[in-house]
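# Structure at a glance
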Amino acid sequence: MSEFTRRDGRKPDELRPIKMKVGVLDKADGSAYVEQGGTKVLVAVYGPREVHPRHLGLPESAIVRCRYHMAPFSTKERKSPTPTRREIELSKVIKEALASTIMLDLYPRTTIDIFVEVLQADGGTRCAGITAASLALAHAGIPMIDLVSACAVGKWNGRIIVDLTGEEDEECEADMPVALMPSLERVTLIQLNGRLTPDEFLEAFNLAVKACKYIGELQKATLRSYYEKIKEEVLYEQ
Amino acid sequence: MSSRLVIPELTKRRIRELASQRRRIDKRGLAEFRTVFIERGIIPQADGSALVHIGNTKAIAGIKIDLGQPYPDMPNAGVLAVNVELMPLASPTFEPGPPDERAVEVARIVDRAIREGRMIDLEELVITPGREVYVIFVDTYLVDHDGNMIDACVLASVAALLDATMRKAIVSEGRARLIDERSPLPIRHYPLTATICRIGETLIVDPILEEEETAEARITIGFDEEDRICMIQHSIGMLRYSELYQAINISREAVSRLRKELCKVFPNAG
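Below you will find a few notes about this structure.

A separate point is the interface of chain B and chain A. Taken together, the contact between chain B and chain A spans 36 residues of the former and 35 residues of the latter. Across the chain B to chain A interface the summed buried area is about 3,300 Å²; carbon plus sulfur atoms make up 57%. Of the charged contacts, one joins E101 of chain B and K95 of chain A as a salt bridge, the two residues approaching to 2.8 Å between their closest N and O atoms. Linking chain B with chain A are 16 residue pairs in polar contact (both at pLDDT 80 or more). Every element with two or more residues in the side of chain B that touches chain A is listed here: β4 (79-86), α2 (101-116), β12 (229-236), β13 (239-240) and α5 (241-265) of chain B. A class-by-class count of the residues in the side of chain B that touches chain A yields 15 nonpolar, eight polar and 13 charged. Inspection of the sheet shows strand β9 (residues 186-196) of chain A paired to β12 of chain B by four bridges, in the antiparallel sense. Paired with L192 of chain A across the two strands is I232 of chain B, which belongs to β12 of chain B.

This part is about the packing of helix α2 (residues 125-139) of chain A against helix α4 (residues 198-237) of chain A. Residue and element names in this part refer to chain A. Two elements in contact, α2 and α4, have axes whose closest approach is 11 Å; the angle formed by their N-to-C orientations is 30°. Relative to α4, the crossing made by α2 is right-handed. Of the residues in α4, those touching α2 at T131, S134, L135, A138 and H139 are I215, Q219, L223, Y226 and Y227.

Spanning 12 residues, helix α1 (residues 9-20) of chain B covers 17 Å between terminal C-alpha atoms, matching the ideal 16 Å at 1.5 Å per step. At the C-terminal side of α1 of chain B, R22 of chain B shows a positive phi close to 60°.

Using the criterion set out here, one finds five aromatic pairs over all chains in the structure. Centre to centre, the rings of Y46 of chain A and F115 of chain A are 6.2 Å apart; their planes meet at 70°, and the pair counts as edge-to-face. Highlighted residues: Y46 of chain A in strand β3 (residues 39-50) and F115 of chain A in strand β5 (residues 110-120), separated in sequence by 69 residues. Since its relative accessible area comes to 26%, Y46 of chain A is described here as partly exposed. The interplanar angle of 85° and the centroid separation of 4.9 Å between the aromatic rings of Y226 of chain A and Y227 of chain A together place this pair among those described as edge-to-face. The exposure class of Y226 of chain A is partly exposed, given its relative accessible area of 24%. Members of the aromatic cluster, connected to one another through ring pairs, are F201 and F205 of chain A together with Y241 and Y245 of chain B.

To continue, consider the pattern of salt bridges. All names here are of chain A. Inspection of every chain in the model, using the stated rule, returns 46 salt bridges over all chains. With its nearest N and O atoms 3.5 Å apart, the salt bridge here joins R10 to E168. Note that R10 is positioned in the segment before β1 (18-22) and E168 in helix α3 (residues 166-171), a separation of 158 residues in sequence. Judged on exposure class, the residue R10 and its partner E168 are both buried. Three or more residues are tied together by salt bridges with common partners; here these are R6, D8, R10, R16, D122, D163 and E168.

Residue and element names in this part refer to chain A. Sheet topology places strand β6 (residues 149-156) next to strand β7 (residues 159-162); four bridges connect them, and they run antiparallel. Its bridge partner lying in β7, K155 is registered against I160. Connecting β6 to the antiparallel partner β7 that follows it, the hairpin turn spans two residues, and N157 within it adopts a positive phi of roughly 55°.

Looking now at unusual backbone geometry. Residue and element names in this part refer to chain A. For the bond from G47 to P48, the omega torsion is 0°, close enough to zero to count as cis. Looking at the secondary structure, you find P48 in strand β3. Omega for the bond connecting H52 with P53 falls within 30 degrees of zero, at -10°, which places this linkage in the cis form. Within the secondary structure layout, P53 lies in the loop between β3 and β4 (63-70).

Sheet strands pair via backbone hydrogen bonds, and the direction of the pair is either parallel or antiparallel. Residue and element names in this part refer to chain A. Taken in spatial order, the five strands line up as β1-β2-β3-β5-β4 in an open sheet, and their pairing is mixed. For this open sheet the edge positions go to β1 and β4, each flanked by a neighbour on one side alone. Going from strand to strand, the sheet's axes swing by 15° on average, the running direction of each strand aside. Where strand β2 (residues 30-36) and β3 come together, seven bridges link them in antiparallel fashion. Counted as the bridge partner of G30 is V45 from β3.

Conventions and cut-offs
Each chain has its residues counted from 1, running along the sequence as written. Numbering of ligands from 1 and lettering of chains from A proceed in the order in which they are written. Whole-chain, interface and lining totals are the exception, using all residues; otherwise, since this is a predicted model, local features are given only for residues with pLDDT of at least 70 and side-chain atom pairs are given and counted only at 80 or more. Values reported for side chains reflect all heavy atoms of the structure, with hydrogen atoms and water molecules removed beforehand. It only takes one pair of heavy atoms within 4.5 Å for two residues to be counted as in contact. When two parts are put together, the accessible area they lose, computed with a 1.4 Å probe and summed over both, is reported as buried area. The term salt bridge refers to a pairing of a side-chain nitrogen on Lys or Arg with a carboxyl oxygen on Asp or Glu at a separation within 4 Å. Between N or O atoms, a polar contact is any pair within 3.5 Å; within protein, one atom must be a potential hydrogen donor and the other a potential acceptor, and residues adjacent in sequence are included only when both atoms are from side chains. Secondary structure elements are defined from DSSP: runs of H or I of at least 4 residues count as helices, runs of E of at least 2 residues count as strands, and each element is numbered from the N terminus. Amino acids outside the nonpolar list (Ala, Val, Leu, Ile, Met, Phe, Trp, Tyr, Cys, Pro) and the charged list (Asp, Glu, Lys, Arg) are all regarded as polar, and Gly is one of them. Pairs of strands are assigned from DSSP output, requiring at least two bridges between the strands. Angles here are taken between N-to-C directions and fall from 0 to 180 degrees, while the axes themselves are lines fitted to C-alpha atoms, restricted in helices to the stretch in contact. Crossings are assigned a handedness: left-handed for a near helix turned anticlockwise from the far helix by less than a right angle, right-handed for a clockwise turn. Expected span of a helix: the number of residues minus one, times 1.5 Å. Under the pairing criterion, centres of Phe, Tyr and Trp rings, with the six-membered ring standing for Trp, must be within 6.5 Å; the plane angle then separates stacked pairs below 30 degrees from edge-to-face pairs above 60, leaving the rest tilted. Any residue under 20% of the maximum accessible area for its type is buried, any over 50% is exposed, and the rest in between are partly exposed; the area is computed with a 1.4 Å probe on protein chains only.

Worth remembering: the numbers are spatial, not functional.
What follows is the structure, encoded as C-alpha cells:
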C-alpha cells in the first residue's frame, strides 16, 4: 500500500493544490478563476439578461446557456479554436450540472450565460470549470439552492485515485468526473470513461464525495473572504 | 431544434401520480424495457447494418469500413468514428442541419460505450503500423423518436457492428487494397446501456417520450457482458447518492434482459 506512488508523488486520495478567486473580471456580472494543479480555468457569468434570439426565452423560467471552450494554447499541441464535439458535449453537461441548483423560476424570459474558458489543461478541466462556474454564479448574486463542487476520480495502475492529472488521464483505465451539491448531497453530474466493476465504482464515488466536500469548503471560504474584504473597504470609507 | 415539444400538463400530472404509486402510464414494470425488435443486415450496401425498435423508437445503424491513416498518437490502432444523426423525420423538434448538442451528446455516448467497453480490438485493425489501418464508420440514424434515443442508438450501433464484416487487405508495393474476401470484426466485448429517469422519487427504465419530458433527472449506464460498468452519463437533473446506487443496480438487471434480446439475433453476444 505504501509503495503505491503516483507520477507526481501524491497519495491516491490526495488532491492537487487548489487556488480560487472570485470577482476577477470587471465587466462580467459574476466571475471566478480556479487553479487545480496545472489546470487553470476562467469563468464569466452574464445575466439574468434578455434572451437573443427572443423565441428561445421561456415564459415560466430563465434558461441557462453554457460554453465550455479550450484556448488554443491550453494544450501541448495547439488546439484549433473551433469547438470540437467534446467541447459541445461538455458545454451541455456543465450546463445541466449547474442548472439544477439555480432558482430559474425567479427570472422568466431571461438567460443566464456561462462562459468557461480553459486557459491551461492538465486534467479535470470540466470539473474545475464547474467549480469555478458555481463560484461565478454566486458572485453574480444569482439565487441557488446550493453550490456545485466537482472533482474527477479514476482508476490508474489498478488503484482508485482522485484528481487525475492530464498524464494520468491519458494512461488511466477509467476516469469519472463527478459534480455534486455538497450541502444537499445531490449528484448533478457523473460521467464514466473506461471500465469499473460495481465495487470499484462505489469506492471511486465515495472518494469523489470526499473530494467534492473539501472543494465545497474552499468555495465557501473563498466567497466569505471576498465579501469580508468588501465589508472592510466599506467600513473604512465610512 | 427550436420548436419545443409540448406535453399536456394533464399527462405529466398523471405520469407523476402513477410514479408515486410505482406504476407507469403504459402499464409497464418500472425496470422493464418496451418490446425490443432487432433486425440485422437490412442495408446490403453497407458492411454491416441493423434496424432496432424499442417500442415506437426506431434507429438504423450502418457500418462502412475503409482504409485510412491512424491517428498520429495511436499508430498501432485502427480508427473508430461514430456519428449519430437525429433525423428531421423522427420528431417535430428535430431540424435539418449540422448535429446540435443533443446529437453530439448521443454520438459521444455511443462512442464511449463501444470504445471504453472495448467492443472492438482496434489493434487488430492495423495493416501497416503508423501508415495504414482500417477505419470503421458507425453512422446511426434515429428515425422515429418516442423516448430513450440513447439506448436505441447504442443497441442499433452494437447490432450493426456485430453484423458487420470487413474485406481482407492485400499489401503490394507498400500499398494496401481490399479484396472480396470477408471476415467478421475482431469483437471482444458486448456493451449495452440502460437509461433511467427519476420521476418524483421513483426510478424508471426506458422512458417513453412523455415520461422523459416529465422526468426530473436522467442517467444512462452501460455494462459489458461481464457486468463491468463501461459508461455512465448523467445528463439531466440531480440524484440522491442512494438513487445513484439504486440506478446502477436497476440498470444492470435491465441491461441483462436487453442482452437476451440481442442474443436472439446474435447468439454470441454474452
